[in-house]
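One letter stands for each residue in the lines below.
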Protein chains: 2
Amino acid sequence: MKHADIKYTNQRVEILDFLGDFQGHPTVEDVYEGVRQKLTRISKATVYNNLKFLAEKGLIKEVNVKGVSRFESNLMPHHHTICIKCGEIKDYESEQLSDLTMEVAENIDDFTIRSADVNFLGVCKKCMEE
Amino acid sequence: MKHADIKYTNQRVEILDFLGDFQGHPTVEDVYEGVRQKLTRISKATVYNNLKFLAEKGLIKEVNVKGVSRFESNLMPHHHTICIKCGEIKDYESEQLSDLTMEVAENIDDFTIRSADVNFLGVCKKCMEE
DNA sequence: TATTAAATAATAATTGTTATTATTTAAACC
DNA sequence: GGTTTAAATAATAACAATTATTATTTAATA
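The numbers attached to residues start from 1 for each chain and follow its sequence in the written order. The lettering of chains begins at A and the numbering of ligands begins at 1, in the order of writing. Reporting of local features is limited, given that this is a predicted model, to residues whose pLDDT is at least 70; pairs of side-chain atoms are given and counted only at 80 or more, and all residues count toward the totals for whole chains, interfaces and linings. Hydrogen atoms and water are omitted, and side-chain values are computed over all heavy atoms in the structure.

**Q** Looking at this structure, I do not really get the relation of the copies chain A and chain B. What am I missing?
**A** Mapping between the two copies of the chain is achieved by a rotation about an axis and a shift along the axis. Superposition of the copies used a least-squares fit over C-alpha atoms from residues whose pLDDT is at least 70 in both. For the pair chain A and chain B, the relating rotation is 179°, the translation along its axis is 0.0 Å, and the fit reaches an RMSD of 0.2 Å. Such values leave the two copies arranged in the relation of a two-fold axis. A share of 100% of interface residues in chain A that are also interface residues in chain B marks the association as one of identical surfaces. The contact criterion used throughout is that any non-hydrogen atoms of two residues lie within 4.5 Å.

**Q** How should the protein's contact with DNA strand C be read in this particular structure?
**A** Being near a molecule or strand, for a residue, means having at least one of its heavy atoms within 4 Å of it. Near DNA strand C there are 16 residues, and of these A:Thr9, A:Gln11, A:Arg41, A:Thr46 and B:Ser69 occur at the shortest range. In protein, a polar contact requires one atom able to donate a hydrogen and another able to accept it; more generally it is a pair of N or O atoms within 3.5 Å, and residues adjacent in sequence count only if both atoms are side-chain atoms. Taking A:Arg12, its side chain carries an N or O atom lying 3.4 Å from a phosphate oxygen of DNA strand C. For DNA strand C, a phosphate oxygen lies 3.1 Å from a polar atom in the side chain of A:Asn50. Secondary-structure elements contributing two or more residues to the surface near DNA strand C are helix H1 (10–21) and helix H3 (44–56) of chain A together with helix H3 (44–56) and strand S2 (68–72) of chain B. Here the surface near DNA strand C gets three residues from one element, more than from any other, and that element is H3(A). Ten residues, namely Ala, Val, Leu, Ile, Met, Phe, Trp, Tyr, Cys and Pro, are considered nonpolar, four, namely Asp, Glu, Lys and Arg, are considered charged, and the remaining ones, Gly among them, are considered polar. When grouped by side-chain class, the residues that make up the surface near DNA strand C number six nonpolar, seven polar and three charged. Strands are runs of DSSP state E lasting at least 2 residues, helices are runs of H or I lasting at least 4, and numbering of each runs from the N terminus.

**Q** Help me understand the protein's contact with DNA strand D in this model?
**A** Near DNA strand D, the surroundings consist of 16 residues, among which A:Ser69, B:Thr9, B:Gln11, B:Arg41 and B:Thr46 are the closest. The contact atoms of DNA strand D, taken as those within 4 Å of the protein, divide so that sugar and phosphate hold 77%. Within the contact set of DNA strand D, a phosphate oxygen lies 2.5 Å away from a side-chain nitrogen or oxygen of B:Arg41. B:Asn50 is positioned with one of its side-chain polar atoms (N or O) 3.1 Å from a phosphate oxygen of DNA strand D. Elements with a minimum of two residues in the surface near DNA strand D: H3 and strand S2 (68–72) of chain A together with helix H1 (10–21) and H3 of chain B. Top element by residues in the surface near DNA strand D is H3(B). It accounts for three residues. In the surface near DNA strand D, the residues fall into six nonpolar, seven polar and three charged.

**Q** Even after reading the chapter, I still don't get the side chain of A:Asn119, so can you show me in this structure?
**A** Following the sequence through the fold, A:Asn119 ends up in strand S5 (residues 111–124). Not counting residues up to four positions away in its chain, the partners in contact with A:Asn119 are A:His80, A:Ile82, B:Ser115, B:Ala116 and B:Asp117.

**Q** Please clarify how the sheet that holds strand S4 (residues 89–92) of chain A should be interpreted in this entry.
**A** Hydrogen bonds between backbone groups are what pair the strands of a sheet, and the pairing can be parallel or antiparallel. Only strands that DSSP links by at least two bridges are regarded as paired with each other. Reading across the sheet, the six strands line up as S4(A)-S3(A)-S5(A)-S5(B)-S3(B)-S4(B) and stay open at both edges, with mixed pairing between neighbours. At either margin of the open sheet sits one strand with a lone partner, and together these are S4 of chain A together with strand S4 (89–92) of chain B. Each adjacent strand pair in this sheet contributes to an overall mean axis angle of 30°, direction not counted. Of the strand pairs in this sheet, strand S3 (residues 79–83) of chain A and S5(A) are connected by four bridges, and their pairing is parallel. When the bridges of S5(A) are listed, A:His80 appears paired with A:Asn119. The angle between two axes is taken between their N-to-C directions and runs from 0 to 180 degrees, where each axis is a line fitted to C-alpha atoms and a helix contributes only its stretch in contact. Packed onto the sheet, helix H4 (residues 95–106) of chain A meets S3 and S5 of chain A together with S4 and strand S5 (111–124) of chain B and runs at close to 140° relative to S5(A). Helix H4 (residues 95–106) of chain B contacts S4 and S5 of chain A together with strand S3 (79–83) and S5 of chain B of the sheet and is inclined by roughly 140° relative to S5(B).

**Q** Explain the interface of chain A and chain B to me, please; I cannot follow it from the model alone.
**A** Size of an interface: often given as the accessible area lost when the parts come together. Counting residues at the interface gives 34 residues for chain A, matched by 34 residues for chain B. At the boundary of chain A with chain B, total buried surface from both sides reaches about 2,800 Å², with 66% on carbon and sulfur atoms. As a working definition, buried area equals the accessible area (1.4 Å probe) given up by two parts on being put together, with both sides summed. Among the residues of chain A in contact with chain B, A:Phe111, A:Phe120 and A:Leu121 are the three that bury the most area, contributing 19% of the side total. Note on definitions: salt bridges are taken to be side-chain nitrogens of Lys or Arg within 4 Å of carboxyl oxygens of Asp or Glu. Across the chain A-chain B interface, the total number found is zero salt bridges. Counting every contact that joins chain A to chain B gives ten residue pairs in polar contact (both at pLDDT 80 or more). Those elements that provide at least two residues to the side of chain A that touches chain B are S3, H4, S5 and helix H5 (125–128) of chain A. Here the residues of the side of chain A that touches chain B sort into 18 nonpolar, eleven polar and five charged. Of the strand pairs in this sheet, S5(A) and S5(B) are connected by 13 bridges, and their pairing is antiparallel. From the neighbouring strand, A:Val118 faces S5(B), where its bridge partner is B:Val118.

**Q** Which parts of the structure should I look at to understand the domain arrangement of chain A?
**A** Residue and element names in this part refer to chain A. The split into domains, and so the bounds of each, comes from an automatic or database assignment of domains. For chain A, the assigned domains are domain 1 (10–72) and domain 2 (79–128). Using only C-alpha atoms to locate each centre, domain 1 and domain 2 end up separated by 21 Å. Tallying the contact residues gives eight residues for domain 1 and nine residues for domain 2. Sorting the residues of domain 1 by area buried against domain 2 places His-25, Val-65 and Lys-66 first, and these three jointly supply 51% of that buried surface. Taken together, the connections running from domain 1 to domain 2 amount to one salt bridge. Notably, a salt bridge pairs Lys-61 with Asp-117, separated by 3.2 Å at the nearest N-O pair. Viewed at the interface, domain 2 and domain 1 are joined by five residue pairs in polar contact (both at pLDDT 80 or more). Contributions of two or more residues to the side of domain 1 that touches domain 2 are made by strand S1 (61–65) and S2. Counting residues per element, the side of domain 1 that touches domain 2 draws most heavily on S1, at three residues.

Written out as structure tokens, the structure is:
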């Protein structure tokens, strides 16, 4: 799924690779620390710029949780459960909900849809037991 | 809709009044500036604390957009359209989507649901014309 | 090879939010 | 009513995430 109009610099390739391998929804800091293992001289600003850039190009997705940006490479339609205690984020799939969400999205007047996000906020099992 | 276990201080009453009158989804700064018209000596920390407090008590709702907290007093089930250019937020209602969202929410395993948020991201009419 | 634009690194500045502490307010008890 | 106690507030410091700035590097184009 390469895009012709995107310059695949070393930094961008490493960021994409990192996100592809990562299980979960890393923050900018996570990505920075991870990518730094290979590109020791990469700047955090570059990580910010490229995560934003790649999200705008649609190669990755941004998830904003409690004011901090997180990213994922899972582009398939899905939702998120977010624990309001520990912050854990998990993917959750409901094809029916994805379908209805997109159908509704496409019929909103005077609005050019880019994406539709469904977030379930609550308390995860582990936090409930405490 | 008064709650017995909530102390209705002047600050909290003014914040609730402000949110009730406000058309839209004000930030903490908006609320602070607004409430300051009547309670000139109110502290911004108090605004933060009470917005958080009132949201936890379920008297208002928090909407996090692009990393900044916004609040609203509309407690009816509804969604939001968010313009990625100008940041405009508008309420959007789809009973069918609200219903399905809640139904899905209640059936997520190992997760105690608190709320389910649906955000439509895209470009508003005004921004499209530019 | 020279020119130009894009990308990057390093870091300063900004913004939204949280933490701290002293003071004030108000409820609960005698 | 006065005293004790806890909660709420004001003022401000501290913090963390993000954005802006600027010089340098890289790479595409002529």
